[in-house]
Amino acid sequence: MTTITLSLPCTNPYFLSSSPKRFRFNTQSAQLSPSSSSPLQSPPLPKTTGVIVIGAGLAGLAAATHLNSQNIPFLLLEASDAVGGRVRTDIVDGFLLDRGFQIFITAYPEAQKLLNYQSLNLQKFYSGARIFYDGQFHTVADPLRHFWDSARSLTNPIGSPLDKLLIGSTRIRALVKSDEEILTAEEVPTIELLKKLGFSDSIIRRFFRPFFGGIFFDPDLETTSRLFNFIFKCLALGDNTLPARGISAIPEQLAARLPSGSILLNSKAVSVDLDNSDSPLVRLQNGDVLKSELGVIVAVEEPAAVHLLSGRTGPVPKKPVRSTVCLYFTANRDQIPVPDPVLFLNGSGKGIVNNMFFVTNVAPSFGPPDKGLVSVSLIGLFEGVSDEELVGKVVNELSGWFGEKMVSKWNHLRTYRIGFAQPNQCPPTDLKKDPRVESGLYVCGDHLTSATFDGALVSGRRAAESLLKDRALTAA
Ligand SMILES: Cc1cc2nc3c(=O)[nH]c(=O)nc-3n(C[C@H](O)[C@H](O)[C@H](O)COP(=O)(O)OP(=O)(O)OC[C@H]3O[C@@H](n4cnc5c(N)ncnc54)[C@H](O)[C@@H]3O)c2cc1C
């Protein structure tokens, strides 16, 4: 068993220590590299240990970004072969396949502070949706961005004219509140809020269930009204987009700004021990033990966090996690029935498809120039149904939407079954959980905040801030 201590040549007065070193940070770039090949082997410089962040999803990357901005040395451990966690994109036969249907809303407040939107080259969705109901498609549009579409939709059967006015007033209610107010407000399940606001059963079944049910992976809309209002506000203020290089461009942008060598991939932590001090030891699956004098931030998804923190946090409420299945199909571009970058929702109340869209209509870069990419999302895991059966059911269902002649020509490319898509965020929730487990040990991830990209980013920053405050490394 090897014990590894993270080290950094002293570049600021907080880092004074002289523990044995195996890895060493480069003073100029804070680069972590094995000492055997490091150009900084001699002369020895004053050194100290740093922070270990476990998990390189958005939360871990945000924690690392914050530590880096304060010149705090850290090592980011990631169990898998790349950064991003749930936000990953695969390249298959020249197509970009996001692991599940994911949308980046430009109004996410923490994301606005952290990300360079221009280099993400964000491709916009239509602001609204097309709903399959009663054998036809009906448009629901944002009146501020697509006034005429919205005016035309006033009389469609998706909801009454009153429902459409209520959408406007719900939007104003969300816009006048701060995010803090929204995330800590009195809460009820979203379905109750919608009924209380006066929405009709029709618009709830035909629009809200597939739309917000698809965002929360919760068709019953039991998710907290806090999350509903937060997303509603972000949707009103921003655009729904996809980065041109796939959703993984978001975590990759954060990772690219970290010191080279500060992320260790394929490095699964199996335990965190506090060693009777506040300098935790992290054991890796390969038997190595890492020691950190400044502290450990556990940035893994909720089930893995429960395991790693074994008993150090309070009881975890047993609520079912949210799952989804995403199927991708390819087609020639002339076999894509519409050119619009619009999200299609199943408002019929029948079948297994919740939502779908033509990815290459939103972002042509997701496929070769002459090809189209189709993304279809289901809610739940469909454990008893084989991949082949699922493809058959989906093709059959969408043939009813777009015609058998068109859909039968699509080729199934890949199916993603995502067992843990999001933690359950039904009331009661606490979307501002304290990241501090005890001195030296902190936790972050979307299970501490809102189960969104933004929530994960916020939670990472908060965990880093809490650690730095405990260590008196920042002006509190
Ligand atoms: C299909 C899908 C669609 C989504 N759509 C949206 C959307 O449209 N908009 C939105 O805002 N949010 C969406 N989300 C939610 C959003 O992706 C998550 O809330 C967010 O990415 C969570 O980030 P995280 O860092 O908390 O966790 P994760 O992304 O799960 O990161 C945890 C990381 O820890 C690593 N890890 C786990 N155990 C260990 C260990 N023992 N040692 C080392 N590393 C470990 C994991 O490999 C992983 O990389 C979606 C999620 C899914 C799955």
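Bear in mind the structure is a predicted one, so any value in this text is a computation, not a measurement.

So, on to the overall build of the protein. A count of helical and extended segments in the protein gives 15 helices and 26 strands. Within the protein, the fraction of its 476 residues that count as buried is 49%. For the protein, long-range pairs separated by at least 24 residues make up 71% of all intrachain contacts whose partners lie at least 6 apart in sequence.

All right, on to the sheet that holds strand E7 (residues 74–77) then. Pairing is mixed across the open sheet formed by six strands, whose spatial order is E15-E7-E6-E19-E26-E25. The open sheet terminates on both sides in strands that have one partner only, identified here as strand E15 (263–264) and strand E25 (436–438). Two elements, E25 and strand E26 (residues 441–443), share two bridges in a ladder whose sense is antiparallel. Paired with Glu-438 across the bridge in E26 is Leu-441.

Another point: the site of the ligand. Neighbouring residues of the ligand: 35 residues in total, closest Gly-55, Gly-57, Gly-85, Gly-100 and Thr-452. Put simply, the parts of the chain that give the shell around the ligand at least two residues each are helix H1 (58–69), helix H11 (302–308), strand E24 (411–422) and helix H15 (453–470). Each residue belonging to the shell around the ligand can be placed in one class, and the counts come to 19 nonpolar, eleven polar and five charged. If you count residues domain by domain, the shell around the ligand takes at least three from each of domain 1 (3–84 + 249–318 + 429–470) and domain 2 (89–123 + 242–247 + 322–422).

What follows covers the sheet that holds strand E13 (residues 136–141). One open sheet holds the seven strands; their spatial order is E13-E12-E21-E22-E23-E20-E24, and the pairing between them is mixed. The strands lining the two open edges of the sheet, one partner per strand, are E13 and E24. On average, each strand axis in the sheet is tilted by 25° relative to the strand beside it, whichever way the strands run. Here strand E21 (residues 343–346) pairs with strand E22 (residues 355–358) via two bridges, running antiparallel. Of the residues in E22, the one forming a bridge with Leu-345 is Asn-355. Where helix H8 (residues 201–216) meets the sheet, it contacts strand E12 (128–133), E13, strand E20 (322–332), E21, E22 and strand E23 (371–379), and its direction lies at approximately 120° from that of E12. Helix H13 (residues 387–402) contacts E12, E20, E23 and E24 of the sheet and is inclined by roughly 65° relative to E20.

This part takes up the confidence of the model for the protein. Per-chain confidence: the protein averages 88 in pLDDT, with 88% of residues scoring 70 or above. Overall, residues 1–48 carries pLDDT values under 50, and its contacts beyond four positions in sequence, including any with other chains, amount to 98 contacts.

When you line up the elements, Val-282 lands in strand E17 (residues 281–284). Among all residues touching Val-282, those that are not within four sequence positions of it are Ile-52, Ile-54, Ala-269, Val-272, Leu-290 and Val-296.

Counting residues in each nonpolar core, the largest one holds 125 residues, and the members touching the most others are Val-53, Ile-54, Ala-63, Ile-297 and Val-374. If one sorts the elements of this core by residue count, H15 sits on top with eight residues. Leave out the neighbours within four places in its chain, and Ile-297 touches Val-51, Val-53, Ala-63, Tyr-442, Cys-444, Ala-463, Ala-464 and Leu-467.

Attention now goes to the pairing of strand E6 (residues 51–54). Here E6 shows no split at all, with Val-51 and Val-53 on one side and Ile-52 and Ile-54 on the other all buried. This β-α-β element, E6 to H1 to E7, shows right-handed connectivity.

With that out of the way, let us pick up H15. Given 3.6 residues per helical turn, the α-helix brings residues three or four places apart onto the same face. Between the first and last C-alpha of H15 there are 26 Å, a value that for 18 residues agrees with the 26 Å anticipated at 1.5 Å per step. Summarising burial for H15: 15 of the 18 residues are buried, a large majority. Residue Ala-472 follows H15 closely and has a positive phi angle near 55°.

With that settled, consider the environment of Ala-82. Looking at the element boundaries, Ala-82 is found in the loop between E7 and strand E8 (89–92). For Ala-82 and Asn-266, which are 184 residues apart along the polypeptide, the C-alpha to C-alpha distance reads 8.0 Å. With sequence-adjacent residues up to four places away left out, Ala-82 is seen in contact with Arg-88 and Leu-265.

A few words now on unusual backbone geometry. In this structure, Pro-428 follows Pro-427 across a cis peptide bond, with omega equal to 0°. Turning to its location among the elements, Pro-428 is positioned in the loop between E24 and E25. Phi is positive for Asp-134, which is not a glycine, with a value near 55°. Looking at where Asp-134 falls in the secondary structure, it is placed in the loop between E12 and E13. Of note, the phi angle at Phe-217 is positive, near 50°, even though the residue is not glycine. Relative to the helices and strands, Phe-217 resides in the loop between H8 and helix H9 (225–237). Residue Phe-217 is classed as buried on the basis of its C-beta count, with 23 C-beta atoms lying within 10 Å.

The subject of this paragraph is the packing of helix H5 (residues 161–175) against H9. For the pair H5 and H9, the least separation of the axes is 9 Å and the interaxial angle reads 100°. It follows from the interaxial angle that H5 and H9 lie roughly perpendicular. Two secondary-structure elements touch here, H5 through Thr-170, Arg-171, Ala-174 and Leu-175 and H9 through Asn-229, Phe-232, Lys-233 and Ala-236.

Each value, and the rule that gives it
Residues numbered from 1 in each chain as written. Predicted model: local features only at pLDDT ≥ 70, side-chain atom pairs only at ≥ 80, totals over all residues. Helix = DSSP H or I, 4+ residues; strand = E, 2+ residues; numbered from the N terminus. Buried ≥ 20, exposed ≤ 12 C-beta atoms within 10 Å, placed from the backbone. Contact = placed C-beta atoms within 7 Å. Pairing = 2+ DSSP bridges. Near = placed C-beta within 6 Å. Nonpolar A, V, L, I, M, F, W, Y, C, P; charged D, E, K, R; others polar. Domains from an automatic or database assignment. Axes fitted to C-alpha atoms, helices over the stretch in contact; angles between N-to-C directions. pLDDT = per-residue confidence, 0-100. Core = buried A, V, L, I, M, F, W, Y, C linked by C-beta atoms within 7 Å. Right-handed = clockwise from strand over helix to strand, strands pointing away. Expected span 1.5 Å × (residues − 1). Parallel < 35°, antiparallel > 145°, perpendicular 65-115°, else oblique.

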